[in-house]
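# Descriptive structure summary
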Amino acid sequence: MTETSLYVLQQLINGLTIGSTYALIAIGYTMVYGIIGMINFAHGEVYMIGTYTAFITIIGLFTMGVSSLPVVLLLALMTAIIISSTYGYAIERVAYRPLRGGPRLIPLITAIGMSIFLQNYIRLAQGSRDLAMPALISGGIEFGDPDVFEVSLSWMQLIIWGVTLASMTALALFISRSRLGRACRACAQDLKMANLLGIDTNRIIALTFVIGAALAAIAGVMLGLYYGTINPYIGFMAGLKAFTAAVLGGIGSIPGAMLGGLILGITEAMTAAFFPSEYKDVVAFSLLVLILLFRPTGLLGKPEVEKV
Amino acid sequence: MLKLDNVSTFYGKIQALHHVSLEINRGEILTLIGANGAGKTTLMMTICGTPRAQSGHIVFDGRPIQQMKTSDIMRQGLAVVPEGRHIFSAMTVEENLLMGSFFRSRNEAAAQLDHVLTLFPRLKERFNQRGGTMSGGEQQMLAIGRALMSQPRLLLLDEPSLGLAPLVIQQIFEIIERLREEGVTIFLVEQNAHQALRIADRGYVLENGSIVMSGSGDALLNDDNVRKAYLGG
C-alpha cells in the first residue's frame, strides 16, 4: 500500500474513534429533543462531569492501593455513570420541568445558563488547570510498512469501539424491545396521547435525561483516558460537536445521532489529515451550517409535523 | 359512575365550560351532542384532567379525580379515544395496543389483547403493520382497541365517526353497542347527532359551553329544537 492510503487508513481509525464518542454524546441531545423538543445545552457539561468523576475515582482508588486495572476501570465507569445520571436527572427536575409548557425559548436560555453554571462550579471545585488522567491503557498494535508508514491501532481505540458498539446495541434493544423503550417512542411521537394512556410522561422525560447522561458519562470516561488531559471546559466543545452530529444525522432520530457522530468524526480526521489540523473545527461547523441550509431535517430525520 | 358537578374550564381567560353538571350511569351509553366549538371535546378532556377544571367537582366511582394528574386519572378505570384518533403512526398495531395496557401486568395485557383482537379481527390481520399505513377506519378501530387494552369500565369516545365512510361508521357504532353489552359504560361525543342519539340511552346537548338540554335518546331525537339545530330539520 502507498503512504497516502496507509495515512488515510490511520486517520479513518482516529476518526472512527472520536466519531464513536460524538455519537454517544449525541444520543442525549437527540433523545431529549425527540421527546420535548428542546436542546439541552447543559449536556456537554454532564459529559465533562463524567470525566471528572472518573478522574477522581481513579486517583482515589490508586491512593487506596487498588491497582487491578479491570477493577479500577469498571469502578470509574460505574461511578461516572451514576454521578452523571444524577446530574442529568437533577438538571431536568430543577431547571427544565418547572418551565414546561412555556415558550420554547425559555428552557433553551435556561439550558445555556445551566451549562455556564456547571462549568464554573467544576472550575471552582476542581481548579481550572489541566489535570493529567493516568494512562491506564497503553500500547496497541501496529501494522503497515515500517519503511513507508506504520498504522497504529491502540488498545484504547479498540476499547472505545467495543464499548460504543455495546452501548449502542443495548440502547437499540432497550428502545425497540422493552416496555419502557416503547413508552419512550410513544412519548416522542405523541406526548399528550401517551399521557392519556396513563403514562406518567414526566417520568419518561426524566428517563431520557438519565439515559443520555449515562451515555455521555461513558464517552467522558473513555475520551478522558484517550486524550489524557481534562479541564472544566472540555464539555463545551464536545457538546457542540455532539450537537452538530445530532443535527447532521437528523435531530430526534437515534440512528441518525449514531450515523452523524461517525460522519463528523471521520470528516474531522480527514480534514486534519490534509489541511492544518486547526481547520477541523472550521470544517465540522461548516458542515453544520450546510446541513441547516440544505437539509434542515438531517440525514435520517423526518420533516417536523407541527403537533396540534 | 361519573359525575360532573358545576364544572368550569378556562383556556387562559376564555371560559370554555360554564358550570357543567352531568352524570353517567353504569352500563349506559350517554351521548353529548353539540355544534362545532360548543365545548364537547373540552368537556371530555376536562374529565381526563387536561385542561384541568378550574372549579367544580368531578367524581368517578366515588373518588374525586379533578385534582389528580392525568396519568393517574387514566389509571382509575376510564380510557379515552380522542378526537383525531392519535394513534402512534410509526409503531405497529401490536405496539399501539400494548401501549394501551402500559400499566397493566403482562398477563392481564395478554388476555385483553386476545379479547381486543376477537373484537377487531381486522387488527389481527394488520398486527405487524405500522399504524400510520392503515385506512382511517382501521385507525379508528386501533384507537378504540388501544383504549380497551386497559380494561376500562368507562370508555370516552370523541367523534369516532369523524371522516369515515358511512359503511365504516355503521361498523363503529355496532362495536359501541357490543361494548355496552359487555358491560362497558360509554360516553360518546358526536357531531353525528342522529346516529349517536339512536344508540344512546340518554343524551345532553351542549351549547357555548353550557348544557342546555338533556333527556333520553328518543326524546331528544323527537325534540323540535334538537331536530332543527342538529338533525337538519
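Residues numbered from 1 in each chain as written. Chains lettered and ligands numbered in written order. Predicted model: local features only at pLDDT ≥ 70, side-chain atom pairs only at ≥ 80, totals over all residues.

## Some details on the overall build of chain B
Summing up its helical and strand segments, chain B has ten helices and ten strands in all. Here chain B has a C-alpha radius of gyration of 17 Å; the compact-globule value for 233 residues is 17 Å, and the two agree. Projected onto its principal axes, the C-alpha positions of chain B cover 45 × 40 × 30 Å. For chain B, long-range pairs separated by at least 24 residues make up 66% of all intrachain contacts whose partners lie at least 6 apart in sequence. (Helix = DSSP H or I, 4+ residues; strand = E, 2+ residues; numbered from the N terminus. Rg over C-alpha atoms; globule rule 2.2 N^0.38 Å. Contact = placed C-beta atoms within 7 Å.)

## What to know about the overall build of chain A
Of regular secondary structure, chain A possesses eleven helices and four strands. By principal-axis analysis of the C-alpha atoms, chain A measures approximately 65 × 50 × 35 Å. For chain A, the proportion of its 308 residues judged to be buried stands at 46%. Counting contacts in chain A only where the partners sit at least 6 residues apart, residues at least 24 apart contribute 76% of the total. (Buried ≥ 20, exposed ≤ 12 C-beta atoms within 10 Å, placed from the backbone.)

## Structural notes on helix α7 (residues 166–181) of chain B
Between its terminal C-alpha atoms α7(B) stretches 23 Å, which fits the 22 Å expected from 16 residues at 1.5 Å a residue. Once α7(B) ends, the next one or two residues include B:G183, with phi positive near 100 degrees. (Expected span 1.5 Å × (residues − 1).)

## Section: the nonpolar core
A:A26, A:I218, B:L156 and B:L188 are the most contacted members of the largest nonpolar core, which totals 154 residues. For this core, the leading source of residues is helix α8 (residues 201–227) of chain A, giving 15 residues. No fewer than three residues from each of domain 1 (2–77 + 153–230) and domain 2 (89–152) of chain B sit in this core. (Core = buried A, V, L, I, M, F, W, Y, C linked by C-beta atoms within 7 Å. Domains from an automatic or database assignment.)

## Remarks on the interface of chain B and chain A
Counting residues at the interface gives 18 residues for chain B and 14 residues for chain A. Going through the elements one at a time, α2 (70–73) and α3 (93–100) of chain B are the ones with two or more residues in the side of chain B that touches chain A. Ranked by residue count, the leading element in the side of chain B that touches chain A is α3(B), at four residues. Per-class residue counts for the side of chain B that touches chain A are eleven nonpolar, five polar and two charged. (Nonpolar A, V, L, I, M, F, W, Y, C, P; charged D, E, K, R; others polar.)

## Some thoughts on the UniProt feature "transmembrane region" (unreviewed entry) in chain A
All names here are of chain A. UniProt marks residues 12–34, 46–65, 71–90, 102–122, 155–175 and 204–227 with the feature "transmembrane region" (unreviewed entry), using the numbering shown here. With 90% helix and 0% strand, residues 46–65 has its two end C-alpha atoms placed 29 Å apart. Counting secondary structure, residues 155–175 comes out at 100% helix and 0% strand; the distance between its end C-alpha atoms is 30 Å. (UniProt positions renumbered as here; feature names shortened; annotations may be inferred.)

## Things to note about the sheet that holds strand β4 (residues 55–60) of chain B
All names here are of chain B. Taking strand neighbours across the sheet as the criterion, the four strands line up as β2-β1-β4-β5 in an open arrangement whose pairing is antiparallel. Each end of this open sheet is capped by a strand with a single partner; those strands are β2 (14–24) and β5 (63–64). Bridge count between strand β1 (residues 2–11) and β2: seven bridges; the pairing is antiparallel. By the bridge assignment for β2, Y11 is matched with I14. Its contacts with the sheet put helix α1 (residues 40–48) on β1, β2 and β4, and the angle it makes with β2 is roughly 70 degrees. (Pairing = 2+ DSSP bridges. Axes fitted to C-alpha atoms, helices over the stretch in contact; angles between N-to-C directions.)

## Let's talk about the domain arrangement of chain B
Residues and elements named next belong to chain B. Split by domain assignment, chain B resolves into domain 1 (2–77 + 153–230) and domain 2 (89–152). One C-alpha centre belongs to domain 1, the other to domain 2; they are set 23 Å apart. If you look at the interface, domain 1 gives 13 residues, while domain 2 gives eight residues. Elements that contribute at least two residues to the side of domain 1 that touches domain 2 include exactly β7 (154–158) and α7.

## Observations concerning the pairing of strand β10 (residues 210–216) of chain B
Here strand β9 (residues 202–207) of chain B runs beside β10(B); their pairing, made up of six bridges, is antiparallel. Paired with B:G203 across the bridge in β10(B) is B:G215.

## Points about the environment of A:Y22
Residue and element names in this part refer to chain A. Within the secondary structure, Y22 is located in helix α1 (residues 3–36). Measuring from C-alpha to C-alpha, the distance between Y22 and T229 comes to 18 Å, with 207 residues separating the pair along the chain. Excluding its chain neighbours within four sequence positions, the residues that come into contact with Y22 are K241, A242, A245, G261, L264 and G265.

## Brief notes about the sheet that holds β9(B)
Residues and elements named next belong to chain B. Read across the sheet, six strands follow the order β6-β7-β8-β3-β9-β10 without closing on themselves; strand pairing throughout is mixed. The sheet is open, and its two edges are formed by β6 (78–81) and β10, each paired on a single side. For this sheet, the mean angle separating the axes of adjacent strands, direction not counted, is 15 degrees. In the sheet, strand β3 (residues 29–34) pairs with β9 via five bridges, with the strands oriented parallel. Within β9, the residue paired with L30 across the bridge is R202. The sheet strands contacting α1 are β3, β6, β7, β8 (185–190) and β9, and the helix crosses β7 at an angle near 150 degrees.

## Structural notes on the environment of B:G215
Residue and element names in this part refer to chain B. Checked against the element boundaries, G215 lands in strand β10. Judged by the 16 C-beta atoms lying within 10 Å of it, G215 falls in the partly exposed class. Sequence separation between G215 and Y204 is eleven residues; the distance between their C-alpha atoms is 6.7 Å. Dropping the residues within four chain positions of it, G215 is found in contact with R202, G203 and L220.

## Focus: helix α6 (residues 136–148) of chain B
Residue and element names in this part refer to chain B. Over its 13 residues, α6 runs 18 Å from end to end, which matches the ideal 18 Å to within 8%, given 1.5 Å per residue. The buried fraction of α6 amounts to eleven of the 13 residues, a majority that puts the element mostly inside the structure. When we look at burial in α6, the residues that qualify are E138, Q139, Q140, M141, L142, A143, I144, G145, R146, A147 and L148. Residues of α6 that are buried sit in contact with β6, α3, α4 (106–119), α5 (121–125), β7 and α7.

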